[in-house]
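Per-entry structural report
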Amino acid sequence: VQLVESGGGLVQPGGSLRLSCAASGSASGFTFSNFYMNWYRQAPGKGRELVAGISSSGYSTNYVSAVKGRFTISRDNAKNTVYLQMNSLTPEDTAVYYCNAQPANYWGRGTQVTVSS
């Protein structure tokens, strides 16, 4: 199973980015809609932090307090993709963002987000 993140880049403070994580797999029985999906991030010199999560159906979401009201996680099970819409970005949001699938604990390789003027 592969998770491939995209959409990162350099953005000015106050700007927006939309991250995508596309899942694909040849594992027998792989069904994207069975997985709870998370976005994590890791800033330079810091540990990996859970940012947001979404249930398999998409009806339930949760966020770390630092991003509530600014980030929105969503998913399209028909496209095997999970998204992270990030608004009102600050330099403190600078990190590598990773996609994670549970309960199998699959990880993507990450996409860099840099917020700087």
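None of these values were measured; they are calculated from a predicted model. Residue numbering note: each chain is counted from 1, following its sequence as written. Reporting of local features is limited, given that this is a predicted model, to residues whose pLDDT is at least 70; pairs of side-chain atoms are given and counted only at 80 or more, and all residues count toward the totals for whole chains, interfaces and linings. As a rule here, side-chain values cover all heavy atoms of the structure and leave hydrogens and water aside.

In this section: the nonpolar core. One broad rule of soluble globular proteins: the nonpolar side chains tend to lie buried together. In terms of nonpolar packing, the biggest core is built from 27 residues, with Met37, Trp39, Phe71, Val82, Leu84, Met86 and Tyr97 touching the most fellow members. Note on contacts: a residue pair is in contact if any heavy atoms of the two residues lie within 4.5 Å. In this structure, Val82 is in contact with Leu19, Ser20, Cys21, Phe32, Met37, Trp39, Ile54, Ile73, Ser74, Arg75 and Cys99, ignoring residues within four places of it in sequence. Buried residues of nine kinds, namely Ala, Val, Leu, Ile, Met, Phe, Trp, Tyr and Cys, make up a nonpolar core once their side-chain atoms join them within 4.5 Å. Think of it in three bands: with a 1.4 Å probe and only protein chains considered, a residue is buried below 20% of the maximum accessible area for its type, exposed above 50%, and partly exposed in between.

Paired rings are identified among Phe, Tyr and Trp, the last through its six-membered ring, by centres lying within 6.5 Å, and are further divided according to the angle between planes into stacked (under 30 degrees), edge-to-face (over 60) and tilted (the rest). Overall, the coordinates contain three aromatic pairs when judged by the stated rule. Ring geometry for Tyr40 and Trp107: centres 4.9 Å apart, planes at 55°, overall tilted. Highlighted residues: Tyr40 in strand S4 (residues 36–42) and Trp107 in strand S10 (residues 106–107), separated in sequence by 67 residues. The interplanar angle of 80° and the centroid separation of 6.5 Å between the aromatic rings of Tyr98 and Trp107 together place this pair among those described as edge-to-face. Given a relative accessible area of 13%, Tyr98 falls into the buried group. Taking relative accessible area as the criterion, Trp107 reaches 33% and is therefore assigned partly exposed. By the ring-pair criterion, three or more aromatic residues cluster together here, those being Tyr40, Tyr98 and Trp107. Whether a charge sits over a ring depends on NZ of Lys or CZ of Arg being within 6 Å of the ring centre and within 35 degrees of the ring normal. The cationic tip of Arg18 hangs over the ring face of Tyr83; the distance from NZ or CZ to the ring centre is 4.0 Å. Cation over ring: Arg48 sits above Trp107, and NZ or CZ is 4.7 Å from the ring centre. Elements are defined by DSSP. Helices are runs of H or I of four residues or more, strands are runs of E of two residues or more, and each kind is numbered from the N terminus.

Strands are treated as partners if at least two bridges between them are detected by DSSP. Spatial strand order, S1-S3-S8-S7: four strands in an open sheet with antiparallel pairing. Of all strands in the sheet, those bounded by a partner on one side alone are strand S1 (2–6) and strand S7 (71–76). Within this sheet the neighbouring strands show an average axis-to-axis angle of 15°, counted without direction. Here six bridges tie S7 to strand S8 (residues 81–86), and the two strands are oriented antiparallel to one another. Its bridge partner lying in S8, Phe71 is registered against Met86. Only the stretch in contact is used when fitting a helix axis, every axis being a line fitted to C-alpha atoms; angles between N-to-C directions are given from 0 to 180 degrees.

Attention shifts here to the state of the cysteines. Cysteine sulfur pairs qualify as disulfides if the two atoms are within 2.5 Å. All chains considered together, the criterion is met by one disulfide. Residue Cys21 pairs covalently with Cys99 via a disulfide, S to S 2.1 Å. Between Cys21 and Cys99, the S-S torsion sits near -80°, and that sign places the bridge as left-handed. Residue Cys21 is found in strand S3 (residues 17–24), and its partner Cys99 is found in strand S9 (residues 95–102); the two are separated by 78 residues along the sequence. Here Cys21 and Cys99 have matching classes, each one buried.

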